[in-house]
Each structure stands twice: as structure tokens, then as C-alpha cells.
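# Notes for the structure review
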Amino acid sequence: MSSFEINDDDLHIEVESKLQQVRIYDRLGNPDNYKSAFQIFEYGDRGMAYSINGDGFYMARKHLAEVMQRLGLATLEGYVSDAHAKLITRMLRDTCEVTTPQRGECAGRDFPWIVVRPI
């Protein structure tokens, strides 16, 4: 897929093929023992994480720095609910620094924007 941009008076649209699907299984890698997944959109050295499902994201927290390093990412960022921001902060406290530098509107609602950096 190629990358392209569209510009007009109201919008700037970028289309890039920079999406990574992260799937988490049990230690044997058996597809029948799927735990969870999330997606990362790469934007330079920033990764926009979204569609986090299941508890595998937290189970794999000790490997998050390695995943980010292999993708060349300094941060994982994104809008999450207030409750999810608290959970991410608590679950990653031993392996990552989690900050909430701002809040913003997403889908018509107010959400915290979190930034995760490996320690």
C-alpha cells in the first residue's frame, strides 16, 4: 500500500501503511489459547495504541519495552477512559512511566491522553 495525503481548506488527511497488530497467546503460542490483542499505529517514534482488548496487554507488560524498541518507538500514546488510564498506570508502574499530559475530545467525549515510556 502506498502513502498519500489529501489537503483542502478544512482537512489534512494522511494515509500510511504503518499499522502493527500485536496478538498475545499463552507461552506455547497456541492460537487456541489466544489472550488478547492491541494495535499500534506508528507515527515516527511515537506509537498510537488503540483497540486494546483482554488482559494480555497487562500480562505482557514486562515485554512492552522490547516490543517498543523493536518497532523503534519512544512512546505509546492514546486516548483512554479515566478508568483505563488508572488501570494502565497501576499495571505498568514497574516497567513504564505513564503520564497524562492533557485531556481532549474523542468521539464527542472528554478523555485523558496518556503517554507510556519504558523505564
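Whatever comes next refers back to the structure up there.
A short tour of the structure in this document, coming up. (Residues numbered from 1 in each chain as written. Predicted model: local features only at pLDDT ≥ 70, side-chain atom pairs only at ≥ 80, totals over all residues. Heavy atoms only, no water.)

## Quick word on the packing of aromatic side chains
Two aromatic rings are characterised by how far apart their centres lie and by the angle between their planes. Short version of the rule: Two aromatic rings, drawn from Phe, Tyr or Trp (for Trp, its six-membered ring), form a pair once their centres lie within 6.5 Å of each other, and the interplanar angle then sorts them: stacked below 30 degrees, edge-to-face above 60, tilted otherwise. The helix count covers DSSP runs of H or I at least four residues long, the strand count covers runs of E at least two residues long, and both are numbered beginning at the N terminus.
Inspection of the entire model under this criterion finds 3 aromatic pairs. Between Tyr-25 and Tyr-34, the ring centres sit 6.0 Å apart and the planes meet at 70°, which makes this aromatic pair edge-to-face. Judged by centre distance (4.7 Å) and plane angle (75°), the rings of Tyr-79 and Trp-113 are edge-to-face. Residue Tyr-79 is found in strand β6 (residues 75-79), and its partner Trp-113 is found in strand β8 (residues 109-118); the two are separated by 34 residues along the sequence.

## As for the layout of surface pockets
Operational definition: Here a cavity means grid points, on a 1 Å grid over the protein atoms only, where a 1.4 Å probe fits yet cannot get out; a pocket means an open set of points with protein on both sides within 12 Å along at least five of seven lines; lining residues are those with an atom within 4 Å of a point. Grid points are joined across faces, edges and corners, and a volume is the space filled by probe spheres set on the points.
A volume near 250 Å³ is recorded for the largest pocket. Forming the boundary of the largest pocket are 16 residues, of which Ile-24, Gly-56, Met-59, Ala-60 and His-63 lie nearest the centre. With 4 residues, strand β3 (residues 19-25) is the largest single contributor of residues to the lining of the largest pocket.

## Comments concerning the nonpolar core
Selection rule: We define the nonpolar core as a collection of buried residues of types Ala, Val, Leu, Ile, Met, Phe, Trp, Tyr and Cys that are connected through side-chain atoms lying within 4.5 Å of one another. Throughout this description, buried means an accessible area under 20% of the type-specific maximum (1.4 Å probe, protein chains only), exposed means over 50%, and partly exposed covers the range between. Note on contacts: a residue pair qualifies if any of its non-hydrogen atoms lie within 4.5 Å across the two residues.
By size, the foremost hydrophobic cluster in this structure holds 19 residues, and its most contacted members are Phe-38, Leu-64, Leu-76, Ile-88, Leu-92, Ile-114 and Val-116. The set of elements that each furnish at least two residues to this core consists of β3, β4 (34-43), α1 (56-59), α2 (64-71), α3 (82-91), β7 (96-106) and β8. The residues touching Ile-88, leaving out its near neighbours within four places in the chain, are Tyr-58, Val-80, Val-98, Ile-114 and Val-116.

## With respect to the side chain of Ser-36
How we decide: Throughout this description, a polar contact denotes any pair of N or O atoms lying within 3.5 Å of each other; where both atoms belong to protein, one of them has to be capable of donating a hydrogen while the other can accept it, and for residues adjacent in sequence the pair is counted only when both atoms sit in side chains.
Assignment of secondary structure puts Ser-36 in strand β4. For Ser-36, the side chain forms a polar contact with the main-chain oxygen of Asn-53, separated by 3.3 Å. In this structure Ser-36 touches Val-22, Arg-23, Ile-24, Asn-53, Gly-54, Asp-55, Gly-56 and Phe-57, once residues within four positions along its chain are discounted.

## Side note on the pattern of salt bridges
Just so we agree on the cut-off: Take a side-chain nitrogen of Lys or Arg and a carboxyl oxygen of Asp or Glu: if they are within 4 Å of each other, that pair is a salt bridge.
Evaluation of the coordinates by the stated rule reveals 4 salt bridges. Across the pair Arg-46 and Glu-77 runs a salt bridge whose closest N-O atoms are separated by 2.7 Å. Of this pair, Arg-46 sits in strand β5 (residues 46-53) while Glu-77 sits in strand β6, placing them 31 residues apart in sequence. Salt-bridge contacts for Arg-103 lead to Asp-110; the nearest nitrogen and oxygen are separated by 2.7 Å. Arg-103 sits in the partly exposed class, given a relative accessible area of 41%. If you follow the salt bridges from partner to partner, you end up with Asp-82, Arg-103 and Asp-110 in one network.

## Considering a nonpolar patch on the surface
The cut-off we apply is this: Patch definition: residues with relative accessible area over 30% and no salt bridge; like charges joined within 9 Å; nonpolar side chains (Val, Leu, Ile, Met, Phe, Trp, Tyr) joined within 5 Å. Residue-level accessible areas treat just the shown protein chains as cover; the underlying method is Shrake-Rupley with a 1.4 Å probe.
A grouping of Phe-4, Ile-6, Leu-11 and Ile-13 is seen on the molecular surface, where their side chains present a nonpolar patch of about 350 Å² in accessible area. With respect to the helices, strands and loops of the structure, Phe-4 is situated in strand β1 (residues 4-7).

## Some details on empty space enclosed by the protein
Counted only if it meets this: In this classification, the charged set is Asp, Glu, Lys and Arg, the nonpolar set is Ala, Val, Leu, Ile, Met, Phe, Trp, Tyr, Cys and Pro, and all remaining amino acids, among them Gly, are polar.
Per the counting criterion, the structure on display carries 1 cavity of 30 Å³ or more. What the largest cavity holds in volume is close to 70 Å³. Looking at the lining of the largest cavity, the elements that each hand over two or more residues are β5, β6 and β8. With 3 residues, β6 is the largest single contributor of residues to the lining of the largest cavity. Here the residues of the lining of the largest cavity sort into 8 nonpolar, 1 polar and 1 charged.

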